Number of protein chains: 2
Amino acid sequence: MHPTHPQQLGGAAAAAADVAAAGAGEGTRLDPWFGAYAQRAHGMRASEIRALFSVANRPEVVSLAGGMPFIQGLPLEVIGESMKRLIMTKGATALQYGSGQGDVELRERILEVCALEGITNAHPDDVVVTTGSQQALDLVTRIFVDPGDVVLAEAPSYVGALGVFRSYEAEVEHVPMDAHGLVPEALEAALVEARRAGKKVKFLYTIPNYHNPAGVTLTLERRHQVLEICQRFGVLIVEDNPYGLLGFDREPLPAMRAFDDEGVLYLGSFSKTFAPGYRVGWVIAPHAVREKLVLASESSILSPSNASQMAITTYLDTCDWKGQIKSYRELYRERRDATIGALAEYLPSATWNVPDGGFYVWVKLPEGLDSRSMLPRAVTERVAYVPGTAFFYDGQGADHMRLSFCYPTPERIREGVRRLANVVNAESELVQLFGTSAQLDDDPRDAEYPAPNLA
Amino acid sequence: MHPTHPQQLGGAAAAAADVAAAGAGEGTRLDPWFGAYAQRAHGMRASEIRALFSVANRPEVVSLAGGMPFIQGLPLEVIGESMKRLIMTKGATALQYGSGQGDVELRERILEVCALEGITNAHPDDVVVTTGSQQALDLVTRIFVDPGDVVLAEAPSYVGALGVFRSYEAEVEHVPMDAHGLVPEALEAALVEARRAGKKVKFLYTIPNYHNPAGVTLTLERRHQVLEICQRFGVLIVEDNPYGLLGFDREPLPAMRAFDDEGVLYLGSFSKTFAPGYRVGWVIAPHAVREKLVLASESSILSPSNASQMAITTYLDTCDWKGQIKSYRELYRERRDATIGALAEYLPSATWNVPDGGFYVWVKLPEGLDSRSMLPRAVTERVAYVPGTAFFYDGQGADHMRLSFCYPTPERIREGVRRLANVVNAESELVQLFGTSAQLDDDPRDAEYPAPNLA
């Protein structure tokens with residue numbers, strides 16, 4: 001959209017207006033390769049929602065949208081010094097091609113991290129290092145999903161995972177959650193129904209801890225129930241766990257992978273507990289699956305970055321990484337409290353859960369409001385969130401929004417929720433007067449392609 | 001293959017034997033998810049060839065197989081110091097999520113690099129930063145290729161590109177080359193034939209400079225001919241150019257992208273001119289294609305590593321990168337000379353080209369020899385190469401091998417070629433006695449999945 005690039009204009013309000021104009025003009029741009037794209041690329045287009053988020057990154061906007069960790073909390077001097085030593089002493093390895101599966105030293109360290117969540121039955125051979133756990137999602141979907149295959153996912157689910165499933169032309173079926181996480185009876189019902197309809201369910205995609213966006217955690221009892229159900233139906237579990245170590249009030253529950261090394265693919269990441277800028281995640285997989293993941297990863301990127309992997313290993317070796325996670329937990333708890341406090345004070349007409357870990361609060365709007373069509377007004381009022389529709393495959397979720405408390409300071413969070421309350425109140429008046437709020441033109445499902453700031 | 005992992009055994013010979021045993025046993029390993037894989041994953045299995053290369057990395061083996069640049073030539077002290085400053089002064093950005101398209105400062109620097117090859121008609125908005133140019137190949141194929149679509153590629157072509165095309169179930173049709181590169185008349189004939197057969201040709205994949213593996217360069221006159229033909233047939237060109245700045249005797253020819261900003265996707269990389277360990281490459285694409293590439297990349301990895309991108313920008317800003325490329329050119333010319341000299345001295349029964357840049361010599365074996373079935377014997381004799389079959393989609397190429405001169409010292413190259421000559425001579429005697437050499441069991445096309453050390 002460079003002809004009306006929002007960054008070049010003054011003020012969030014003007015920028016938001018221009019985004020709408022650019023969106024409307026999109027159809028007139030000629031693409032000489034229009035007829036040459038693959039089937040899977042037909043749905044790939046930037047939505048208005050996506051363009052709005054480029055505005056939301058402006059400093060005057062309080063962004064409750066992004067899942068960016070608070071990097072400023074890291075000991076940058078210590079990390080810088082150790083990076084220098086890494087290049088000077090091991091540069092010939094760090095700057096070279098590495099193994100497709102990933103560096104073995106890092107794979108050993110990864111298992112030490114996983115042991116904190118009960119995974120003690122894995123070998124470094126079972127680990128594949130990926131370019132963030134997003135790449136793990138991509139590779140897993142690539143090797144398992146043919147067009148039309150079914151993936152089960154919580155309702156709601158992670159926007160970036162839904163984007164991957166869509167790009168491989170999967171059908172996603174949502175399974176309900178409640179305050180205790182995924183509902184096992186609903187999972188079983190979905191599997192029975194899929195079997196009855198003759199559909200192939202390739203895996204259950206689940207985020208058991210401090211769910212993105214719902215904020216809830218699957219209880220220990222339900223973990224065993226979910227495992228039992230999936231084993232019985234012969235369905236693989238993809239356990240995505242970026243937030244498991246970021247609980248505010250208690251030690252982590254054991255990962256499902258701790259109880260089943262054949263039926264669970266476990267995805268982990270250093271993005272939330274250390275730093276996303278190195279793009280290092282991993283998957284733990286049974287032998288035969290792991291071999292295919294490595295081949296698929298080599299086809300995709302040859303090998304993960306040695307420099308990044310060795311930077312992570314160096315960090316784990318030279319810094320108090322457990323202490324850092326502890327201080328992150330305290331920081332994020334304080335921000336969670338600020339969010340909940342501000343919601344109670346400014347937005348009592350909404351309802352929400354109180355997450356005990358992670359980055360997100362899932363807010364239900366007052367009756368009749370549409371979080372997606374309200375977003376341009378919110379950005380104009382200098383506050384951003386992610387509309388609930390982003391977390392569903394089918395356009396549901398307009399009655400919810402995700403608020404992230406990971407990045408802004410508590411003061412900024414309060415200010416952001418205050419602005420949000422103004423928007424909600426103004427929108428509620430409109431709805432009461434006219435019976436409906438403004439609508440966006442594009443397809444709500446377009447919002448589901450992941451942008452990095454929605455991670 | 002961990003039950004008989006080659007690295008744990010003594011001696012390259014024993015290891016090579018064990019690799020064969022492990023390969024033979026592969027079919028007996030039970031995979032509970034065997035029935036669940038996607039169609040595209042069915043061909044994904046590790047070949048015997050691939051296992052042999054893990055042996056080829058042992059220090060006693062002279063590897064003329066890998067495309068690893070000689071990183072030891074870099075100023076590691078200077079780079080280490082600048083990495084420290086980067087983290088300490090810009091760590092909060094370097095360690096954070098970045099933009100899906102890539103950092104704009106790096107995209108500006110990339111265009112300065114591209115200008116050295118005549119590309120002065122591009123804007124930073126046209127550049128997408130990728131995790132090595134392998135990811136660019138993956139993304140381009142992902143957005144353009146449906147199963148059964150045709151990709152045209154030189155005969156031979158880059159093993160890693162063939163692996164990507166295979167993973168998206170493309171049909172690759174090879175177009176002949178001669179000493180002046182891709183033959184335009186053969187390209188036109190292939191396009192006419194595809195049109196006649198009702199096949200969809202999605203793009204021509206070409207490596208115009210110091211071809212991998214053939215070592216030849218497309219002449220300026222032919223660049224214009226290839227452009228004219230592809231424009232006339234409405235076929236996109238994917239111009240893959242990792243080696244263009246590594247000519248030994250002359251300045252680079254202009255890239256085809258310099259003459260056509262709508263019909264060419266240009267792929268570049270810092271892996272051969274600086275360091276592959278950061279995994280930073282790029283693609284320059286017309287607007288609408290670029291937008292889809294960014295969305296596909298976000299689905300695949302969210303965003304390229306900020307730490308890696310800023311490391312490259314810092315290197316370009318603080319080091320004499322043009323001087324470094326000049327010293328690489330001299331280093332690789334010396335190694336090319338060592339390879340050609342040793343071939344003339346030890347292996348006069350073979351024939352080869354004399355590349356004037358890049359990393360590779362393409363050697364034709366004496367009549368009746370099979371480079372693929374000879375490889376286990378070569379590894380036993382402590383020398384490795386890549387069999388010609390790896391560079392074809394259809395099992396051709398057994399009469400050729402690729403020798404890489406980028407990594408070993410001239411002395412080691414001479415020793416490697418001497419060992420290779422012994423293997424060739426022994427194998428020739430066998431062929432004269434029995435009329436044929438030993439055969440490997442697996443499908444020659446398995447060799448085409450790229451392993452990082454074949455880049």
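Reading the values: the criteria
- Residues numbered from 1 in each chain as written.
- Chains lettered and ligands numbered in written order.
- Predicted model: local features only at pLDDT ≥ 70, side-chain atom pairs only at ≥ 80, totals over all residues.
- Heavy atoms only, no water.
- Helix = DSSP H or I, 4+ residues; strand = E, 2+ residues; numbered from the N terminus.
- Buried < 20%, exposed > 50% of the residue type's maximum accessible area, 1.4 Å probe, protein only.
- Contact = heavy atoms within 4.5 Å.
- Areas by Shrake-Rupley, 256 points an atom, 1.4 Å probe, with all protein chains shown as cover.
- Expected span 1.5 Å × (residues − 1).
- Arc of directions from axis to C-beta.
- Least-squares fit on C-alpha atoms with pLDDT ≥ 70 in both.
- Salt bridge = Lys/Arg side-chain N within 4 Å of Asp/Glu carboxyl O.

Q: Any chance you could break down the overall build of chain A for me, citing the residues and the numbers?
A: Assigned secondary structure in chain A consists of 13 helices and 14 strands. In chain A, buried positions account for 65% of the 455 residues. Long-range contacts, defined here as pairs at least 24 residues apart, represent 78% of the contacts in chain A between residues at least 6 apart. A total accessible area of about 15100 Å² is found for chain A, and carbon and sulfur atoms account for 53% of it.

Q: Give a description of helix α7 (residues 184-196) of chain A that names residues and reports values.
A: Residue and element names in this part refer to chain A. With 13 residues, α7 should reach 18 Å at 1.5 Å per residue; the first-to-last C-alpha distance of 18 Å fits that figure. Residues of α7 that are buried: P184, A186, L187, A190, L191 and A194. What you see down the axis of α7 is that its buried residues fit within an arc of 160°, all on one side. Across from the buried face of α7, at angles greater than 90 degrees, the exposed residues are E185 and R196. Of the surrounding elements, those touching the buried residues of α7 are β3 (150-155), β4 (171-178), β5 (181-182), β6 (201-206) and α8 (220-233). Once α7 finishes, G198 follows within two positions and takes phi at roughly 70°, a positive value.

Q: Quick rundown of the relation of the copies chain B and chain A? Include the residues and the values.
A: Between chain B and chain A, which share one sequence, the superposing operator has a rotation angle of 180° and an axial displacement of 0.0 Å; the RMSD is 0.0 Å. The operation mapping one copy onto its partner corresponds to a two-fold rotation axis. Nearest to the rotation axis, the C-alpha of B:K84 is located 2.6 Å from it, this being the minimum over chain B. An overlap of 100% is found between the interface residues of chain B and their copies at the interface of chain A, pointing to a shared contact surface.

Q: So what about the pattern of salt bridges? Which residues, and what values?
A: The final tally for this structure, using the stated rule, is 46 salt bridges over all chains. The partner of A:R142 in a salt bridge is B:D138, with the nearest N and O atoms 3.1 Å apart. You can see A:R142 sitting in helix α5 (residues 132-144) and its partner B:D138 sitting in helix α5 (residues 132-144), one on each of two chains. For the pair shown, A:R142 and B:D138 are each scored as buried. With a closest N to O distance of 3.5 Å, A:K326 and A:E330 form a salt bridge. Residue A:K326 and its partner A:E330 are both found in helix α11 (residues 321-346); the two are separated by 4 residues, about one turn of the helix.

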